[in-house]
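# A look at the structure
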Amino acid sequence: MPSPRSSRERRAGSSSRLEFLSLVSQRSPGTPDSPSRRKESGSSAAAPLPEEDCMKLNPSFLGIALSSLLAIDLWASKRLGVCAGEGSAWGSARPLMKVIEISGHGIPWVLGTFYGLCQSDSSAAREVLLNLLFALLLDLVLVAVVKGLIKRPRPTHNKMDMFVTISVDKYSFPSGHATRAALVCRFVLRHLVLAVPLRVLVVLWALIVSVSRVMLGRHNMTDVLFGLLLGYALYSVVEYCWLSPLSAPALFALWSR
């Protein structure tokens, strides 16, 4: 006859087995939840990042370089705007800078060239002046178109007290003064016979006009640099489209009367 102790042990063993089976039955009936399975389920549950978010988290080297150059351009332009106002570091030189500004403005150049064309009696001089007038008008149109397309605002430290402005002059890129200075400089050095000191003065004038744009706070440095490159290249276009009595006889007949 079994003892009461052995029967109690059997009942305790059977109850522990039932508890173990109940714990096992509460788990998923599938395969065991191994560490690799938990890793796979975790990776599948995380939704992939959109492509644009990945681009923001991993910006390209070109984007970083352009942003850095833009920041340097804005910082250096503000530091060099020493004549931007009367209270600036070189505010006393602001009237002189504004005279230089007028010397590179498009209206005096167009009106002066037109007057010289009307007063000229030499066919060679008329040819040079007519092409200079064509270059100046082409410069005005091209700069206005680029400014209207880019629409880069002028520096925040600029005072809108410029000489004779139009609607696109509220934009900064590129500098029309720098474009005109480079264009006129190449044109004069190519088609006028000047002594060496005068040729040096022409180059200095173009450089001073360009630098004055940053000193007055009218433009950022990149506006001026691009303007110089554009004016330099624009002269090549004028040379390619050079107007002569053979290519444009109607124009020369009009001015010869």
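A brief report on the enclosed structure follows. Values in this document were obtained by computation on a predicted structure and should not be read as measured data. (Residues numbered from 1 in each chain as written. Predicted model: local features only at pLDDT ≥ 70, side-chain atom pairs only at ≥ 80, totals over all residues. Heavy atoms only, no water.)

The subject of this paragraph is the nonpolar core. Ranked by internal contacts, the top residues of the largest apolar core, which has 29 residues, are C83, M97 and F187. Of all the secondary-structure elements, those providing two or more residues to this core are α5 (94–103), α6 (106–119), α7 (123–150), α8 (176–191), α9 (196–215) and α10 (221–240). With 6 residues, α8 is the single largest residue contributor to this core. Look past the residues within four positions of C83 in its chain and what remains in contact with it is S88, W90, A93, R94, M97, M215 and L216. (Core = buried A, V, L, I, M, F, W, Y, C linked by side-chain atoms within 4.5 Å. Buried < 20%, exposed > 50% of the residue type's maximum accessible area, 1.4 Å probe, protein only. Helix = DSSP H or I, 4+ residues; strand = E, 2+ residues; numbered from the N terminus. Contact = heavy atoms within 4.5 Å.)

Summed over all chains, the structure comprises 4 aromatic pairs. With 5.7 Å between their ring centres and 50° between their planes, W109 and W205 make a pair best called tilted. Separated by 96 residues along the polypeptide, W109 in helix α6 and W205 in helix α9 bring together distant segments of the chain. On the basis of relative accessibility, which here comes to 23%, the residue W109 falls in the partly exposed class. Taking the relative accessible area as the measure of exposure, W205 reaches 21% and is therefore partly exposed. Through a chain of ring-to-ring contacts, three or more aromatic side chains come together here, namely F187, Y235 and W242. (Phe/Tyr/Trp six-rings, centres within 6.5 Å; stacked < 30°, edge-to-face > 60°.)

Once that is clear, we can look at the layout of surface pockets. Estimates place the volume of the largest pocket at around 370 Å³. In terms of lining, the largest pocket is formed by 22 residues, of which the most central are H105, L140, V164, D169 and R180. For the lining of the largest pocket, the elements supplying multiple residues, two or more each, are α6, α7 and α8. Take the lining of the largest pocket: its biggest share by element is 5 residues, from α7. Of the residues assigned to the lining of the largest pocket, the class counts are 9 nonpolar, 6 polar and 7 charged. Lining the second largest pocket, in full, are L80, L207, S210, V211, V214, M215, M221, V224, L225 and L228. Where the lining of the second largest pocket is concerned, the elements lending two or more residues are α9 and α10. (1 Å grid on protein atoms, 1.4 Å probe; cavity = no way out; pocket = protein on both sides within 12 Å on 5 of 7 lines; lining within 4 Å. Points joined across faces, edges and corners; volume = space filled by probe spheres on them. Nonpolar A, V, L, I, M, F, W, Y, C, P; charged D, E, K, R; others polar.)

Further remarks concern the side chain of H177. With respect to the helices, strands and loops of the structure, H177 is situated in helix α8. In this structure, H177 is in contact with E101, G104, H105, V209 and R213, ignoring residues within four places of it in sequence.

Here V211 is to be found in helix α9. Through-space distance from the C-alpha of V211 to that of M221 is 8.7 Å; in sequence the pair is 10 residues apart.

Count 3.6 residues to each turn of an α-helix, and residues three or four apart come out pointing the same way. The end-to-end C-alpha distance of α6 is 20 Å, a good match for the 20 Å that 14 residues give at a rise of 1.5 Å each. Along α6, the positions that sit buried rather than exposed are G106, V110, T113 and L117. In an axial view of α6, the angular spread of the buried residues amounts to 70°, which keeps them on one side of the axis. Away from the buried face of α6 by more than 90 degrees, exposed residues L111 and Y115 are located. (Expected span 1.5 Å × (residues − 1). Arc of directions from axis to C-beta.)

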